[in-house]
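Overview (structure and organization)
Chain by chain, the residues:
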Amino acid sequence: MTAESIQTTTGAAAPSELGRTLIHEHVLVGMPGWDLDGMAPRFVREEVMARAIDQMQMLADLGVETFVDPCPMDLGRDVEFLAELSQKSGMRIICTTGAYFEEGGITYTFRQLSVEQITEIYVDEITRGVGDTGIRAGAVKIATGSRSVTDYERKLVTAGARAAKATGVPLISHTQDATCGHDQIDIVTGEGVDAGRLLVGHSDGIDDPAYHRSLAERGAFVGFDRFGIAAILPDEVRIRNVLRLAEAGFTDRILLSHDSVLCWLGRPVPLALDYADVLAAMPDWRPTFLLEKVIPQLIEQGLAKEDVDRILVDNPRRFFSGAAATT
Ligand SMILES: [Zn+2]
């Protein structure tokens, strides 16, 4: 199925309008329990909004037109914040439905609900909107943990695939330690969704070109979407592996991003007390890094210049429209 329009936080857009797209970034993230942490620095909405508008302006100056924030619904997702940010900054922002992996998410309710009930919730967020906001999800987030897929995760990924099939939106995944990408493809295609509608996220977390290639060979998009996170892998390795996949003929399956987080809610990760601390600890982990530093290095090391917009413009458009489907 190809989609004639894509839902953004401020309404529908045609696939041809997306332009340069960052496929996996975050504005707000709060890990489970963040709202119980009374000792955390206060979330001052106006301050974070102002910082986010500045960031979107910097991205617009680099030619970015669309920002996809696949925040799981249980990780502090705030679609009204995103919609307001989109209106104030002019950046097109896409949000997602779908919950996080078992160990990292808020699991009680969805553990009790059936796959049919969860599918219904996801479809409702795509077709009618999140809560009473009228803001519709433009994709489904799915997530699995490290090395094996739990029953809970299998149920949610199945529900995500069914919701994607019913509505025509694509699926953006989280993988843990760059494992279980093939399990995700198995479940999603097993529900009748083409692998070309799935982005296997965080696949750049392992220095294993054969793994990347095996995902692309099945038709899925391969996410090199954690540029700037040196604690997982140095960016030289990501760059090398992007080039290897392109040289193997799979440029049309590559998607690039940072998985950056503008504002951590609560105190979920040891380093993230405020954004200045994050940048001090991880100076390259910001959503401008790809266009400022990585793309020039990719070109220097052999990526054809015309492939830059194939990856940053054409691939997101084909991913969202369904034109990248393998059948
Ligand atoms: Zn993420």
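Structure: see above.
The present account deals with the structure reproduced in this document. (Residues numbered from 1 in each chain as written. Predicted model: local features only at pLDDT ≥ 70, side-chain atom pairs only at ≥ 80, totals over all residues. Heavy atoms only, no water.)

1. Observations regarding the coordination of the zinc ion
Coordination sphere of the zinc ion, protein contribution only: His24 (NE2), His26 (NE2) and Asp259 (OD), at 2.0 to 2.2 Å. Within one chain, the residues serving as donors to the zinc ion are arranged as H-x1-H-x232-D. Note that His26 is positioned in strand β4 (residues 26-30) and Asp259 in the loop between β11 (254-256) and β12 (261-265), a separation of 233 residues in sequence. Accessibility assignment for this pair places His26 and Asp259 in one class, buried. (Donors = N, O, S within 2.8 Å, 3.2 Å for Na, K, Ca; no water. Helix = DSSP H or I, 4+ residues; strand = E, 2+ residues; numbered from the N terminus. Buried < 20%, exposed > 50% of the residue type's maximum accessible area, 1.4 Å probe, protein only.)

2. Notes on the side chain of Lys155
Mapped onto the elements of the fold, Lys155 is located in helix α5 (residues 151-167). With residues near it in sequence (within four places) discarded, Lys155 still touches Phe110, Arg111, Gln112, Leu113, Ser114, Val115 and Ile118. (Contact = heavy atoms within 4.5 Å.)

3. Remarks on the pairing of β12
Among the five residues that make up β12, five are buried, leaving the element largely enclosed by the rest of the structure. Two strands pair when backbone bridges link them, and β4 and β12 are joined in this way by four bridges, in the parallel orientation. Each bridged residue has a counterpart across the sheet, and for Gly30 the counterpart in β12 is Leu265. (Pairing = 2+ DSSP bridges.)

4. Side note on the packing of aromatic side chains
The full count for this structure, using the stated rule, is five aromatic pairs. Centre to centre, the rings of Phe43 and Phe81 are 6.3 Å apart; their planes meet at 50 degrees, and the pair counts as tilted. Pair noted here: Phe43 is in the loop between β4 and α1 (45-61) and Phe81 is in helix α2 (residues 79-89), with a separation of 38 residues, a long-range link. Residue classification places Phe43 among the partly exposed positions, given a relative accessible area of 32%. For Phe81, a relative accessible area of 0% corresponds to the buried category. Joined through ring pairs, the aromatic side chains of Phe221, Phe319 and Phe320 make up one cluster. Positioned above the aromatic ring of Phe221, the side-chain terminus of Arg253 is 5.3 Å from the ring centre. (Phe/Tyr/Trp six-rings, centres within 6.5 Å; stacked < 30°, edge-to-face > 60°. Lys NZ or Arg CZ within 6 Å of the ring centre and 35° of its normal.)

5. Points about α1
If you check α1, its first and last C-alpha atoms are 24 Å apart, about what 17 residues at 1.5 Å a residue would give, namely 24 Å. Along α1, the positions that sit buried rather than exposed are Val48, Met49, Ala52, Gln55, Met56 and Leu59. Angular distribution of buried residues about the axis of α1 spans 125 degrees; they occupy a single face of the element. For α1, exposure combined with an orientation more than 90 degrees from the buried face picks out Glu46, Glu47 and Asp61. (Expected span 1.5 Å × (residues − 1). Arc of directions from axis to C-beta.)

6. Observations concerning the environment of Phe250
Within the secondary structure layout, Phe250 lies in the loop between α8 (235-247) and β11. Phe250 sits in the buried class, given a relative accessible area of 15%. Excluding anything up to four places from it in sequence, Phe250 contacts Arg213, Ala216, Glu217 and Leu245.

7. Some points on the sheet that holds strand β6 (residues 92-97)
Taken together, the eight strands give an open sheet; going across it, the order is β3-β5-β6-β7-β8-β9-β10-β11, and neighbouring strands pair in parallel fashion. With partners counted over all chains shown, the strands left at the sheet margins are β3 (20-22) and β11, one partner each. Ignoring which end each strand starts from, the neighbouring axes of this sheet average 30 degrees apart. Two strands pair when backbone bridges link them, and strand β9 (residues 198-200) and strand β10 (residues 221-224) are joined in this way by two bridges, in the parallel orientation. Across the sheet, residue Leu199 finds its bridge partner in β10, namely Phe221. Of the strands in this sheet, β3, β5 (64-69) and β11 touch helix α10 (residues 289-300), which is tilted by about 145 degrees from β11. (Axes fitted to C-alpha atoms, helices over the stretch in contact; angles between N-to-C directions.)

8. Focus: the state of the cysteines
As enumerated under the stated definition, the model contains zero disulfides in all. Free cysteine Cys71: the closest other cysteine sulfur is in Cys95, separated by 9.6 Å. Given a relative accessible area of 3%, Cys71 falls into the buried group. (Disulfide = S-S within 2.5 Å.)

9. What to know about the pattern of salt bridges
Counting across every chain of the model gives 19 salt bridges. A salt bridge links Asp124 to Arg128; the nearest nitrogen and oxygen atoms lie 2.9 Å apart. Taking relative accessible area as the criterion, Asp124 reaches 29% and is therefore assigned partly exposed. Put simply, Glu292 and Arg286 hold a salt bridge, and the shortest N to O gap is 2.8 Å. Taking the relative accessible area as the measure of exposure, Glu292 reaches 38% and is therefore partly exposed. Sharing partners across several salt bridges, the network here consists of Arg45, Glu84 and Lys88. (Salt bridge = Lys/Arg side-chain N within 4 Å of Asp/Glu carboxyl O.)

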